[in-house]
Amino acid sequence: MIPSVAITGYLERKLESHKWVKRLTAKQLEEALSRLPLRPDLTPQFRLHQKACFLLGVAYPQFCFFLDMGTGKTLLSLELLRYWWEAGKVRRAIIFVTSDKAFHTWEKQLKQFDIGLPLISLYGSSAHKWKQLEEFEEGLVLVAYPGAVAMVSGRAKDKKGKVKLALDKKLVKKLSYWANAIVLDESTRAGGYRSLTFKMISHLQKAAEIRYALAGRPFGRDPTMLWAQCYLIDGGQTLGETLGLFRAAFFN
């Protein structure tokens with residue numbers, strides 16, 4: 001049982017609001033972007049809301065972008081990764097996608113908008129994926145969530161003696177070498193806090209100073225998915241470090 005004083009303290013925490021960004025005019029946004037430590041050379045097709053999100057993504061290198069479908073989350077992420085690349089903060093980044101069918105979208109936009117960063121799409125068996133990585137020095141790594149989990153997992157017996165898939169910590173640590181930054185496309189895929197996907201990314205989180213989540217809708221009928229995604233990005237800064245406190249505050 002969590003004490004009521006802890007729940008009250010949790011609910012009354014002072015949190016930052018980013019609504020002010022929505023009130024900025026195009027001119028004000030341009031002025032704010034020009035004052036960044038490194039002035040970004042954004043693609044001419046960048047829209048007003050993307051510039052606002054870009055500004056937030058630079059100010060807060062761990063941020064969740066819950067933007068509607070068709071609002072340009074892929075291009076936003078690529079521009080942010082290019083910014084950190086040019087700033088010398090990122091040399092390797094992992095972009096998690098739902099399946100290899102999503103590779104084409106990222107590859108196409110990288111080329112279409114002349115982002116200019118090296119990119120590799122991991123496909124095939126886990127052994128082949130590791131071989132691809134070993135030959136890839138630096139740049140952006142595209143990998144599907146299920147494929148990434150398979151790469152860092154092995155068979156192990158649980159307490160009841162049943163053989164199940166379990167994370168191999170050595171392989172997770174090996175993968176973290178490519179995780180200066182991580183982007184969770186359709187981040188609801190990592191929203192199951194008991195899943196191997198969530199557990200894998202929570203380990204990679206320690207190596208990635210820059211982390212972004214992308215989703216059109218952050219959760220369905222189960223609000224715990226929102227907690228999980230925010231935790232992977234900000235380590236609990238928004239919704240708390242434990243699911244128990246989140247539930248005690250918002251569930252009945």
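No experiment lies behind these values; they were computed from the predicted model shown.

Trainee: I keep staring at the nonpolar core and nothing clicks. Help me out?
Mentor: The tendency in soluble globular proteins is for nonpolar side chains to be buried side by side. In terms of nonpolar packing, the biggest core is built from 43 residues, with Phe54, Phe65, Leu76, Ile95, Trp106, Leu140 and Tyr212 touching the most fellow members. Residue contributions to this core peak at eight residues, all from helix H4 (residues 73-86). The residues touching Phe54, leaving out its near neighbours within four places in the chain, are Leu33, Leu36, Pro40, Leu42, Phe46, Leu76, Glu79, Leu80 and Tyr83. Formed by 40 residues, the second largest nonpolar core is a distinct cluster that contains Tyr10, Leu133, Phe136 and Met151.

Trainee: Looking at this structure, how should I read the sheet that holds strand E8 (residues 210-215)?
Mentor: Where strands meet in a sheet, backbone hydrogen bonds hold them as pairs that are either parallel or antiparallel. Pairing within the open sheet is parallel, and its six strands lie in the order E1-E8-E7-E2-E4-E3. Only two strands of the sheet have a single partner each, and these edge strands are strand E1 (62-66) and strand E3 (119-121). The average angle at which neighbouring strand axes cross in this sheet is 15 degrees, direction not considered. Sheet analysis places E3 next to strand E4 (residues 139-144), joined by three bridges and oriented parallel. Residue pairing for E4: Ser121 is matched across the bridge by Leu142. Helix H5 (residues 103-112) contacts strand E2 (92-97), E3, E4, strand E7 (181-184) and E8 of the sheet and is inclined by roughly 160 degrees relative to E4. In the packing of helix H10 (residues 224-234) onto the sheet, contacts are made with E1, E7 and E8, and the angle to E1 comes to roughly 145 degrees.

Trainee: What is the right way to look at the side chain of Asp185 in this model?
Mentor: Here Asp185 shows up in the loop between E7 and helix H9 (196-204). Despite its burial, Asp185 remains without a salt bridge, the nearest opposite charge being carried by Lys73 at 6.4 Å.

Trainee: Would you mind going over the pattern of salt bridges with me for this structure?
Mentor: Two side chains bearing opposite charge may form a pair once their charged atoms approach each other closely. Here the structure, examined in full by the defined rule, presents four salt bridges. Across the pair Glu30 and Lys51 runs a salt bridge, and its minimum N-O distance is 2.4 Å. Placement of Glu30 in helix H2 (residues 26-34) and of Lys51 in helix H3 (residues 48-59) is noted, with a sequence separation of 21 residues between them. As a salt-bridge pair, Glu79 and Arg82 come within 2.8 Å of each other at their nearest N and O atoms. Of this pair, Glu79 and Arg82 both sit in helix H4, three residues apart, which is roughly one turn of that helix. When sorted by exposure, Glu79 lands in the same class as Arg82, which is buried.

Each value, and the rule that gives it
- Residues numbered from 1 in each chain as written.
- Predicted model: local features only at pLDDT ≥ 70, side-chain atom pairs only at ≥ 80, totals over all residues.
- Heavy atoms only, no water.
- Core = buried A, V, L, I, M, F, W, Y, C linked by side-chain atoms within 4.5 Å.
- Buried < 20%, exposed > 50% of the residue type's maximum accessible area, 1.4 Å probe, protein only.
- Helix = DSSP H or I, 4+ residues; strand = E, 2+ residues; numbered from the N terminus.
- Contact = heavy atoms within 4.5 Å.
- Pairing = 2+ DSSP bridges.
- Axes fitted to C-alpha atoms, helices over the stretch in contact; angles between N-to-C directions.
- Lys, Arg positive; Asp, Glu negative; His and termini not counted.
- Salt bridge = Lys/Arg side-chain N within 4 Å of Asp/Glu carboxyl O.

None of this, on its own, says anything about what the molecule does.
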